[in-house]
Amino acid sequence: MATQVDAIVMGLGTCGEELGPRLSRSGLNTVGIEPNLIGGECAFWACIPSKMMVRASNLLAEARRVEGVAGTVEVTPDWSVVANRIRMEATGGWDDSYGVQRFEAAGGRHIRGYAEITGPGSVIVNGEEITAKHGLVIATGSHPVTPPIPGLDTVDHWTTHDAIQVEQLPASLLVLGGGAVGCELGQVFARFGVDVTIIEGADRILAGEDPVASEVIESVFASEGITVHKGSHVTRVESRAGQTVAILDDGAELTGDKLLVATGRAVSLEGLGLETLGVDPSARFLDVDDHLRVADRTFAIGDLTGKGMLTNVAVYQAGLVVDQLLGKTPPPADYSTHPRITFTDPEVGSVGLSEAAAREAGLDIDVVTKSVAGTFRGLLHGSAGQGVIKLVVNRADGLLIGATSVGPSGGEVLGMLATAIHGKVPVQTLAYMIYGFPAFYGGVGEAIGAYARGVGPVFDPNHNPLFKD
Ligand SMILES: Cc1cc2nc3c(=O)[nH]c(=O)nc-3n(C[C@H](O)[C@H](O)[C@H](O)COP(=O)(O)OP(=O)(O)OC[C@H]3O[C@@H](n4cnc5c(N)ncnc54)[C@H](O)[C@@H]3O)c2cc1C
């Protein structure tokens, strides 16, 4: 006979861990099933430890910027401090006792094991059948993609898990993939003295972002000694004399002590028992409706839904499902103002439609571009003040519909832009707002002010704010 509960959370990773304790604390009899560490990717191998690495490498970069601005500093990077902090402060030595305790203290029952769906609202785990009265939530995440490059399986290469857990840095590193993860980790290691080469198949790094973002980051990487091979495909990988050699399609050979594969993540629906819900397990992602439903009493959230594959989406979706399981009626899921931030230095943030996407959609738009170095704060900041604020305005209704914010604190500046887009605040209203001065987000006010006053739909990116129009 099946165990009856109120809710089942299948996968206590990033979003499952958010969901489980909240449901239990709200009085639902909840079972959470997880074969690995409660907390999943974000806590143990992704967002949290990687941003701890970013914080350390940014400190080094700031210290190196002292000269010419504030005196002199001698900088001696020491990776063991970072590795220790990740072990001790971020992941507790990759131990999830705290997560288990938190869930159980909230009243949840934790089962260590792989669950398989047996029908709407039901699973089997470790031989026990469990049925949920209110709902089963599938949150089984994604896994790193290893491209089918001949020889890759024969060389000792890093996944992002290995990169996060590294105790001793190699002298040189090849990074396969110039997306957000490859760029963040590549810059971190380079700032700790590793000779980094990024290999990207597209014609620019951060290819999912506006080209202005790629331009800024490529120029920063060049100034920091990071080599970027764009439009390059690796045709074969070999191990020679203890090193890894990547052979490119133009015949060039790149050599590194280590190879980091950062070519993205994929979802595998096989083996979850989705056939019992009438779902094709060979699909790329698990299709959900606007309320994250897959079938009767069955929801799915997180990476496996393919909606952005970031923690902020996973946590947002978890909130919508909690509401529904508690009998509330939240609005349908809306990803149109989903902010994305790449934590390179400078940071790259984007939200809404890019210029290209807006034009493709046939919208009549104005594009406002402002160099961060051309804002008051950027000018004060000095050499590390590179960046661009790019705004996409829909002429039909005067609403901001997209923004890219590259710069120091670019992700924070994105906050006000995301709020304006989400809240449908007219650009004219933003033009008559008082901005902090001289704040980085004040650059948005400088750009919008000029646009709304008709100084020009495209602001001179090299404009120096100390010289008035
Ligand atoms: C290096 C890196 C850095 C990142 N940085 C950021 C960032 O800064 N900001 C951001 O927003 N996002 C970031 N991300 C993305 C983010 O980590 C993911 O989007 C997020 O962790 C996905 O959460 P999830 O709950 O869907 O999956 P996961 O956290 O992977 O959880 C899924 C869980 O399901 C379990 N599971 C699998 N099969 C079963 C089964 N049959 N039964 C029960 N349990 C099962 C797994 O063991 C796993 O613990 C980063 C990713 C990487 C790789």
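Residues numbered from 1 in each chain as written. Predicted model: local features only at pLDDT ≥ 70, side-chain atom pairs only at ≥ 80, totals over all residues.

## Thoughts on the site of the ligand
Taken together, 32 residues sit near the ligand, with Gly 11, Gly 13, Gly 40, Gly 141 and Gly 302 positioned nearest. Those elements giving two or more residues to the shell around the ligand turn out to be α1 (14–25), α2 (40–44), α3 (47–64) and α9 (311–325). Of the residues contributing to the shell around the ligand, the split by class is 15 nonpolar, 13 polar and four charged. (Near = placed C-beta within 6 Å. Helix = DSSP H or I, 4+ residues; strand = E, 2+ residues; numbered from the N terminus. Nonpolar A, V, L, I, M, F, W, Y, C, P; charged D, E, K, R; others polar.)

## Thoughts on unusual backbone geometry
Note: most residues except glycine have negative phi, and most peptide bonds are trans. Cis geometry marks the peptide bond from Asp 345 to Pro 346; its omega dihedral reads 5°. Following the sequence through the fold, Pro 346 ends up in the loop between β18 (340–342) and β19 (347–352). In this model, Phe 437 is joined to Pro 438 through a cis peptide bond whose omega is -10°. One non-glycine residue, Trp 94, adopts positive backbone phi at about 55°. Accessibility expressed as a C-beta count within 10 Å gives 18 for Trp 94, which makes it partly exposed. Here the phi dihedral of Lys 424 falls at roughly 50°; this positive angle occurs in a residue that is not glycine. Residue position: Lys 424 is located in the loop between α12 (410–422) and α13 (427–431). (Buried ≥ 20, exposed ≤ 12 C-beta atoms within 10 Å, placed from the backbone.)

## Observations regarding the domain arrangement of the chain
Taken as a whole, the chain is organised into domain 1 (3–39 + 96–142 + 267–325), domain 2 (152–264) and domain 3 (340–459). Averaged C-alpha coordinates put domain 1 and domain 3 at centres separated by 37 Å. (Domains from an automatic or database assignment.)

## Observations regarding the sheet that holds β18
Strand order in the open sheet made by the five strands is β18-β19-β22-β21-β20, with antiparallel pairing throughout. Because the sheet does not close on itself, it has two edges, and the strands there are β18 and β20 (365–371). Each adjacent strand pair in this sheet contributes to an overall mean axis angle of 10°, direction not counted. Alignment of β19 against strand β22 (residues 399–407), held across six bridges, turns out to be antiparallel. (Pairing = 2+ DSSP bridges. Axes fitted to C-alpha atoms, helices over the stretch in contact; angles between N-to-C directions.)

## Quick word on the confidence of the model for the chain
When the pLDDT values of the chain are averaged, the result is 94; 97% of them are 70 or greater. Counted against residues more than four places away or in other chains, residues 457–469, with its pLDDT under 50, gives 27 contacts. (pLDDT = per-residue confidence, 0-100. Contact = placed C-beta atoms within 7 Å.)

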